[in-house]
Amino acid sequence: MASVTAEDIKSELDTFFIVFNDDTVDKMLEQCLCHRLKGDEIVCEWFAFSTSKNQLLLTLDNLDQFEHEILNKKKKSKGSSKGSLLNKTRDINSIQELIRAEEEEENLLDSYSTPAKGSQKRALTTPEHPQSKRGVARLASPSLMLSPASFSPSATPSQKYGMRGGRGEVVSSFGTVQGPRWTGKGQTSVRVEMLGGGDSSLISSYKYMFQRLRDVRDVLTEKIEELGEELRSHFNIEEFSPVSLPVQDSITVLGQVCCDSNGKLNAQSVLLEAGQEQGGRQVPVDVSELKEFSLFPGQVVVMDGINSSGEKFVATKVYEGIPLPFYCPSEVKQEMDEVSEPVMVMMACGPYTPSESLTYDPLIDLITIINKDRPDVCILFGPFVDSKHEQIEKNQVTETFQSIFKRCVDSIVEGTKGSGCRLVFVPSQRDVNHHYIYPQPPFNLTNLSKDDTARVTLASDPCTLLIGNVTFGLTSTDILFHMGAEEISSGTGTERFSRIMKHMLTQRSYYPLYPPAEEVNMDYEKFQQFSQMNLTPDILIVPSELRYFIKDVIGCVCVNPGRLTKGQVGGTYGRLLVQPNPVLVDGKRVSPCIAGQVVKI
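Looking at an unreviewed UniProt entry, one finds the protein named DNA polymerase alpha subunit B, with Phoxinus phoxinus as its source organism. Database annotation for the protein, UniProt heading Subcellular location (unreviewed entry): "Nucleus". As its UniProt record puts it under Sequence similarities (unreviewed entry), the protein is described as follows: "Belongs to the DNA polymerase alpha subunit B family."

Rendered as structure tokens:
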């Protein structure tokens, strides 16, 4: 079939005096490609459809209706006629017709997807000309596997994403800005493993949504007591007094910050809820005497102050939280000269499609960058099939969510095989095909080959990862956004992102907020086991809707790489150069992060 051009369609529309614009012509051109129609055929079909609908105007919405009511039905009838052709006696002519039909379908896919390296046409296999093993091993192009027509009949490439500016622009930097070469070696020998070794129970079958309020209380009480004991021993506090005890002298109390209502926390609504050993009561807190403070619901704090009446605690001092120690491997290199080659770690967070189209062009661009830069490790956060995408919400897809997810992951694994980089997949609660619970179990990919299984790490959300001897804290839940909406502060002199990161490290939790945001379904039994930090990570990665950044917070390099797409336009991804073995200079720890950047896709 000869290719249809926009000029052909415009000429036919002028014949019938039909008013059009460039957008409607582009839409009709796309429909010609999808439904294998000529320019005159689609215009005649539209004229008949418009006449039957009282001279319907040519608009994008009306073209969608036309495709749904007319073109899709014609496609089905063509499919049934093709099926009848298959049932006929297969003489040489009918076989040639089938081959030509398949070749046309292949050409259609090639023209509709982004250009891929090498030919993607299917080789004809016969007993006289068997398919070579080399041909069998040839990888499928990610652009074909993620073709927009694959998932939704109305999928069109995003024009705003395609016309984005600033590709490859560095928007945030950390560490050595001049000098580092942002290419890795694709070292499959880099050691990547989960730290803690407790993920087996998240992989195994268990029930959630069956927790009792008493169990939730026990988890929160234990958290208060554990952090309180650490602070008591660090600041040499003799004992904690009951928060509701009426005394005239200054006392030291322990408790959890909460709000006196369902609204947002403010300086007048702060309550301190004591642990069971201190009476378990809630008492209002007056923070007007504090020179500086930063508080959020769920924060475990130790305060000095006076409660003369037993009804209100006037705080005069808030003790600063204490982070956990960093990871210390058994063998520590002492000299800078002994360090090994840096490891390049790339990270990106979904969604991997623009908001108005279910096309994975941003993901295909990311795979191209991975193959070009050859990072040693690539950490990919969900969502891979975004539950907040308009076409997913309206169920305007032609495949199951699991099928779309499988094809997406297969494209990443197969498309990056040549780079040799290690892949880490972290799920998100916005992944429509996965369990909607926090902490979230890792993906279950049963179809990976033996070689791919060795290259792919399936992580939970949250988790602590060990790359070489460097610890990475990972979470795909937008804790920055959730805590930023609840935290209050005064006189701290620091910006909000740094305060929130410091709270996470000193509260020793990947999600210290209580009660959690409405969109987070918390399983507190697993939360106690898998969402607490066992150490302070060297690098903490917290993707968020909020602005990207890379910064050092009390010795931990915190990274928000942003999301790969922001609405209809391209977003950002992150990359780090890390020293895989720890270095001590004059007996002191040196951050393993040499340099970091956030880059526009």
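Back to the text.
Trainee: Please provide a residue-by-residue account of the environment of Glu69, values included.
Mentor: Among the secondary structure elements, Glu69 is positioned in helix α4 (residues 60-86). Taking relative accessible area as the criterion, Glu69 reaches 27% and is therefore assigned partly exposed. For the pair formed by Glu69 and Phe49, sequence separation is 20 residues and the distance between their alpha carbons is 9.2 Å. When residues no more than four places from it in sequence are discounted, the contact partners of Glu69 are Phe49 and Lys53.

Trainee: Can you tell me about a negative patch on the surface, naming the residues and giving the values?
Mentor: Together, Glu7, Asp8, Asp40 and Glu41 give the surface a local cluster of negative charge. Tracing the backbone shows Glu41 in helix α3 (residues 39-52). The exposure class assigned to Glu41 is partly exposed, which follows from its relative accessible area of 34%.

Trainee: Just give me the short version of the nonpolar core, but keep the residues and values in it.
Mentor: Taken as a class, soluble globular proteins show a tendency for nonpolar side chains to be buried jointly. Leu366, Leu380, Phe384, Ile412, Phe425 and Tyr573 are the most contacted members of the largest nonpolar core, which has 38 residues in total. Looking at this core, the elements that each hand over two or more residues are β9 (343-349), α11 (361-373), β10 (377-381), α13 (401-415), β11 (422-426), β21 (572-578) and β24 (593-600). Take this core: its biggest share by element is six residues, from α13. Among residues more than four places away in sequence, those in contact with Leu366 are Met346, Ala348, Tyr352, Leu380, Leu564, Tyr573 and Ile601. Core analysis: the second largest hydrophobic core is formed by 29 residues, Leu324, Phe497, Ile500 and Cys558 among them.

Trainee: Just give me the short version of the packing of aromatic side chains, but keep the residues and values in it.
Mentor: Here the structure, examined in full by the defined rule, presents 14 aromatic pairs. An angle of 70° between the planes, with centres 6.1 Å apart, marks the rings of Phe384 and Phe405 as edge-to-face. Of this pair, Phe384 sits in the loop between β10 and α12 (390-393) while Phe405 sits in helix α13, placing them 21 residues apart in sequence. Residues Phe384 and Phe405 agree in their burial class; the two are buried. An aromatic cluster of three or more residues is present, and its members are Tyr352, Phe384, Phe405, Phe425 and Phe443. Against the face of Phe210 rests Lys207, its NZ or CZ located 5.7 Å from the ring centre.

Trainee: Outline the sheet that holds β11, listing residues and values.
Mentor: Ordered in space as β1-β24-β21-β9-β10-β11-β12, the seven strands form an open sheet in which the pairing is mixed. Strand pairing shows two members of the sheet lacking a second neighbour, β1 (170-175) and β12 (456-458), which therefore form its edges. For this sheet the average axis-to-axis angle between neighbouring strands, irrespective of direction, equals 15°. The pairing of β11 with β12 spans three bridges and is parallel. For Leu423, the partnering residue across the bridge sits in β12 and is Val456. α11 contacts β9, β10 and β21 of the sheet and is inclined by roughly 180° relative to β9.

Trainee: Can you tell me about the pattern of salt bridges, naming the residues and giving the values?
Mentor: Taken as a whole and judged by the stated rule, the model has 26 salt bridges. Where Glu69 meets Lys53, a salt bridge forms, and the shortest distance between an N and an O atom there is 3.5 Å. In this pair, Glu69 is assigned in helix α4 and Lys53 in the loop between α3 and α4, connecting sequence segments 16 residues apart. A relative accessible area of 32% places Lys53 in the partly exposed class. The residue Asp373 makes a salt bridge to Arg575 at a minimum N-O spacing of 3.9 Å. Taken together, the residues span a long stretch of sequence, with Asp373 in helix α11 and Arg575 in strand β21 at a distance of 202 residues. Asp373 gets classed as buried once you look at its relative accessible area, which sits at 6%.

Thresholds, definitions, all that
Residues numbered from 1 in each chain as written. Predicted model: local features only at pLDDT ≥ 70, side-chain atom pairs only at ≥ 80, totals over all residues. Heavy atoms only, no water. UniProt positions renumbered as here; feature names shortened; annotations may be inferred. Helix = DSSP H or I, 4+ residues; strand = E, 2+ residues; numbered from the N terminus. Buried < 20%, exposed > 50% of the residue type's maximum accessible area, 1.4 Å probe, protein only. Contact = heavy atoms within 4.5 Å. Patch = residues over 30% accessible without salt bridge, like charges linked within 9 Å, V, L, I, M, F, W, Y side chains within 5 Å. Areas by Shrake-Rupley, 256 points an atom, 1.4 Å probe, with all protein chains shown as cover. Salt bridge = Lys/Arg side-chain N within 4 Å of Asp/Glu carboxyl O. Lys, Arg positive; Asp, Glu negative; His and termini not counted. Charge placed at Lys NZ, Arg CZ, Asp CG, Glu CD. Core = buried A, V, L, I, M, F, W, Y, C linked by side-chain atoms within 4.5 Å. Phe/Tyr/Trp six-rings, centres within 6.5 Å; stacked < 30°, edge-to-face > 60°. Lys NZ or Arg CZ within 6 Å of the ring centre and 35° of its normal. Pairing = 2+ DSSP bridges. Axes fitted to C-alpha atoms, helices over the stretch in contact; angles between N-to-C directions.

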